Each structure stands twice: as structure tokens, then as C-alpha cells.
Amino acid sequence: MTKRVAILISGRGSNMRSLVEAMQADDFSAQPVLVLSNRPDAAGLDYARAAGIPATIVDHTEFKMREVFDAAIHSKLAKAQADIICLAGFMRLLTPGFVKKWTGRMINIHPSLLPKYPGLHTHQRAIDAGDTEAGCTVHYVVPEMDAGEIIGQARVPILHGDTADTLAERVIKQEHTLYPECLRTLCAK
Ligand code: GRF
């Protein structure tokens, strides 16, 4: 069965793009059915529209309560008949009620080797700690931030003289391979 995949973004959308491109392969039994952004100016929306994928905005600034914002997202996902949600640089915390509805069907990519460095500024924190390697993690989403079961990880070295930007460039290349691989694993289940 072809899985119907929704991708939630807030910005650039480079991971979304790698997922969409990967799903074009004949042996990848998934199709992107919705790209949803909480920010009207997310650059990734343009790519989605150009690729012919339904793209929609649920602007969080128009909602006072997180529960109502999440219900609006849920309604879009239900209309699109999504089976799986991929969070791809989606910068809003989702409420436990929403997360529970999608248990085992919602995954996220995070730019660190979890459980190290949940949250923001992961690359700078890895450099500041004197780590010799960094990386990215794809995991199931649970109500606690960046804490769900790990599906896959990719590692890169931290090189002498690295800045958060140079390290981010090295890590994002791995993200673009790891995320499609992990989605493929989930779709095959
Ligand atoms: C990525 O580094 C991802 O790991 C993190 O947010 C960033 C999103 O980048 N969750 P992009 O929008 O996919 O280019």
C-alpha cells in the first residue's frame, strides 16, 4: 500500500525536498500528499507548489491556544488522508493530545546525535563541549521534545576550526540521505 505522507515545515524546507525527491523512486511506496507550514513566508512552500504538491499554511500567530492550532493542523492532515507525518524543520512544539493521535506515525529529524543536545543550537553546543563528532537523528515524535525512539542516525566528524555553520553544512548533507532512508523503513512496516 502506498503511504500518504504529509510534511510539516517552517522554513527553507531542504529536508522536505529530499523526502519528496526520494518518494519519486518507483520502489518507494509513498507519496507526498501535503506540505504544511506554520509560517506564510516559508521558502519550502514555493518548492512544494512548483512540484505540484498541495501546500497549505496554518499560521500559528492567528491562534491563541496551542490546542486550537493543533486541531487546525489535524483537520488539514485528515482531509489529506495522511498516513504518516514527517516534521522537517517544523519549529512548533505540538501538544500531547495531537502527538498521541499520531503515535508511531509521526517522525522528526533533529540535527544532533540524540540523546545529546535536544532543542536548539545543537552544533554550537557540540563544538563548545569539545565533541569530536556530531550528526543527526530521525526519531518517532513523543510529547517530550526530541525524546522519542530513535529510527536512525548519521555521524560526521567535528573538524578543527569548525564553526556552527561549517558543521551544519556537513550535517545537513547527511540529513538529506538519512531522512528518506528512515521514511522508507517506516513505510515498509
Ligand atoms: C534541519 O537541520 C533539521 O534537522 C532541523 O531543522 C533544520 C531544517 O532545515 N529540525 P530544512 O528546513 O529542512 O532545510
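Residues numbered from 1 in each chain as written. Predicted model: local features only at pLDDT ≥ 70, side-chain atom pairs only at ≥ 80, totals over all residues. Heavy atoms only, no water.

**Some points on unusual backbone geometry**
Here the amide bond leading from leucine 114 into proline 115 is cis, since omega sits at 10 degrees, within 30 degrees of zero. With respect to the helices and strands, the residue proline 115 is situated in the loop between β5 (106–110) and α5 (122–128). The phi torsion at glutamine 81 lies on the positive side, around 55 degrees, for a residue other than glycine. Its identity is not glycine, yet aspartate 146 carries a phi of approximately 55 degrees, on the positive side. You can call aspartate 146 buried: its relative accessible area is 15%. (Helix = DSSP H or I, 4+ residues; strand = E, 2+ residues; numbered from the N terminus. Buried < 20%, exposed > 50% of the residue type's maximum accessible area, 1.4 Å probe, protein only.)

**Quick look at the site of the ligand**
The local shell around the ligand consists of Arg12, Gly13, Ser14, Asn15, Gly89, Ile109, His110, Pro111, Ile172 and Glu175. Within the side chain of arginine 12, a nitrogen or oxygen atom sits 2.6 Å from an oxygen atom of the ligand. Burial of the ligand by the protein amounts to 84% of the accessible area it has alone, namely 360 Å². Going through the elements one at a time, α1 (14–23), β5 and α6 (164–187) are the ones with two or more residues in the shell around the ligand. The class makeup of the residues in the shell around the ligand is three nonpolar, five polar and two charged. (Near = heavy atom within 4 Å. Polar contact = N/O pair within 3.5 Å; in protein donor to acceptor, adjacent residues only side chain to side chain. Areas by Shrake-Rupley, 256 points an atom, 1.4 Å probe, with all protein chains shown as cover. Nonpolar A, V, L, I, M, F, W, Y, C, P; charged D, E, K, R; others polar.)

**Some details on the side chain of serine 18**
In this structure, serine 18 sits in helix α1. By relative accessible area, which is 9% here, serine 18 ends up buried. Discounting residues that sit within four places of it in the chain, serine 18 has contacts with His176 and Pro180. (Contact = heavy atoms within 4.5 Å.)

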